[in-house]
Amino acid sequence: MGPHPAVAAIRLAVRRVLHDIATGQAAEHGTTGHGSVAVARRTTGPSTAQRHRGPAPATAPLVLVACSGGADSMALASALAFEAPRLGLRAGGVTVDHGLQPGSALRAEEVALRLRELGLAPVESVAVTVGREGGPEAAARDARYAALDAAAERHGATAVLLGHTRDDQAETVLLGLARGSGIRSLSGMAAVSGADGRYRRPFLQLDRQTARKACLVQSLPVWDDPHNTDPAYTRSRLRHEGLPALEKALGKGVVEALARTAQLSRDDADALDAWAGQAESSVRDADGVLECAKLYALPPAVRRRVLRRAAIEAGAPAGSLFARHVEEMDRLITGWRGQGAINLPGKVVAQRQGGRLVIRQG
């Protein structure tokens, strides 16, 4: 008798991602499954030989799981521990202590212990200091990713798995819609992101309840972060008030529809970004300065991407450059009435001079 359907679903999702990682490593190192990197021949299930494979050698690529102790990340950790040795990969874990709640250090050590009991190694608990820039949620996220990046570098990890689910994706799309940040914001979280594709999200097609059920049937203890139900946090209000209200008004299937919207938006945004990248050189003069007439001729979605890229290249922080900033720059092209310079984040200034758009540090 096979595993419970929820367990089978999370293992399959992780197996597919690990297969991609193993295949990529094999291609990079020129192995085909007989060296230190074993490559699965199919994604529907391991072969008999793979099922009985022992621990991966110390030279095998390492995949880490970021685990908070919640149901999503515990389900991910258990699936990684089960699947990684079958694909010739090592599996480890990292838990981040944000220090925002009493007893957080002890809780992080408990999570680390659970990861070791699953057979993961190395396992590390990392304490971080959360700043204030961008609000508490953004600051905690920035501190967490910085810690995960550092841990991946320290251990030489090939990838870090994150437990974001389809429900998380739907929430991210709605938050992007509320900010009015454009199609890239509506594209949600990518299945692969970070430097060299470090971060992988196997559960973006699975709902939160599947992960919780997988933990339940495997008797995996989980910790429910009280911040996830605290109405002081925007995402918590959206999760417990906003999405249920939408489902009540529109019927079931809102989460699935929002997740589909994310993928469609990502495809469109990727295409427009590629177009803007190709168009950028054609709208600059011999000195590399943007020409207003040529910018005006571009479709608005492409032109605004060129302007955003130029502002970032000039020193504007990407995370602080919002749609309203780009719109103000765009008006220098499409609504020119002799207006003065535009001040952008990072002390960058955009100014129209003699038919050219000059973007530089002020």
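Use the structure listed above.
A few points on the structure.

Criteria and thresholds
- Residues numbered from 1 in each chain as written.
- Predicted model: local features only at pLDDT ≥ 70, side-chain atom pairs only at ≥ 80, totals over all residues.
- Heavy atoms only, no water.
- Helix = DSSP H or I, 4+ residues; strand = E, 2+ residues; numbered from the N terminus.
- Buried < 20%, exposed > 50% of the residue type's maximum accessible area, 1.4 Å probe, protein only.
- Contact = heavy atoms within 4.5 Å.
- Areas by Shrake-Rupley, 256 points an atom, 1.4 Å probe, with all protein chains shown as cover.
- Lys, Arg positive; Asp, Glu negative; His and termini not counted.
- Charge placed at Lys NZ, Arg CZ, Asp CG, Glu CD.
- Pairing = 2+ DSSP bridges.
- Axes fitted to C-alpha atoms, helices over the stretch in contact; angles between N-to-C directions.
- Parallel < 35°, antiparallel > 145°, perpendicular 65-115°, else oblique.
- Left-handed = near helix turned anticlockwise from the far one by under 90°.
- Nonpolar A, V, L, I, M, F, W, Y, C, P; charged D, E, K, R; others polar.

**A word on the overall build of the protein chain**
If you tally the helices and strands in the protein chain, you get 13 helices and ten strands. For the C-alpha atoms alone, the extent of the protein chain along its principal axes is close to 75 × 50 × 40 Å. Sorting the 362 residues of the protein chain into buried and exposed places 46% on the buried side. Once local pairs closer than 6 in sequence are excluded, the contacts in the protein chain between residues at least 24 apart make up 67%. Taken as a whole, the protein chain presents about 18100 Å² of accessible surface, with 53% of it coming from carbon and sulfur. Both charge centroids of the protein chain, one from 46 positive and one from 37 negative side chains, sit 2 Å from each other.

**Description of the sheet that holds strand β2 (residues 90-97)**
Taking strand neighbours across the sheet as the criterion, the six strands line up as β3-β2-β1-β4-β6-β5 in an open arrangement whose pairing is mixed. Of all strands in the sheet, those with a lone pairing partner are β3 (123-127) and β5 (192-193), marking the two edges. Here two bridges tie β5 to strand β6 (residues 199-200), and the two strands are oriented antiparallel to one another. Residue pairing for β6: Val192 is matched across the bridge by Arg200.

**Points about the environment of Pro226**
Along the chain, Pro226 turns up in the loop between α8 (208-217) and α9 (234-250). Taking the relative accessible area as the measure of exposure, Pro226 reaches 43% and is therefore partly exposed. Distance from Pro226 to Asp142, taken between C-alpha atoms, is 20 Å for residues 84 residues apart in sequence.

**Here we look at the sheet that holds strand β9 (residues 348-353)**
On the basis of which strands lie adjacent, the open sheet formed by four strands has the order β7-β10-β9-β8 and antiparallel pairing. The strands lining the two open edges of the sheet, one partner per strand, are β7 (290-291) and β8 (342-344). Of the pairings in the sheet, the one linking β7 to strand β10 (residues 356-361) comprises two bridges and is antiparallel in character. By the bridge assignment for β10, Leu290 is matched with Leu357. Seen against the sheet, helix α12 (residues 300-313) touches β7, β8, β9 and β10 and runs at an angle of roughly 35° to β10. Of the strands in this sheet, β8, β9 and β10 touch helix α13 (residues 323-334), which is tilted by about 15° from β9.

**A short note on the packing of helix α3 (residues 71-83) against α8**
At their nearest, the axes of α3 and α8 sit 8 Å apart, and the two run at 60° to each other. Overall, the two elements α3 and α8 adopt an arrangement that is oblique. Handedness of the α3/α8 crossing: left-handed. Contacts between α3 and α8 pair Ala71, Asp72, Met74 and Ala75 from the former with Arg208, Ala211, Arg212, Ala214 and Cys215 from the latter. Per-class residue counts for the contact of α3 with α8 are six nonpolar, no polar and three charged.

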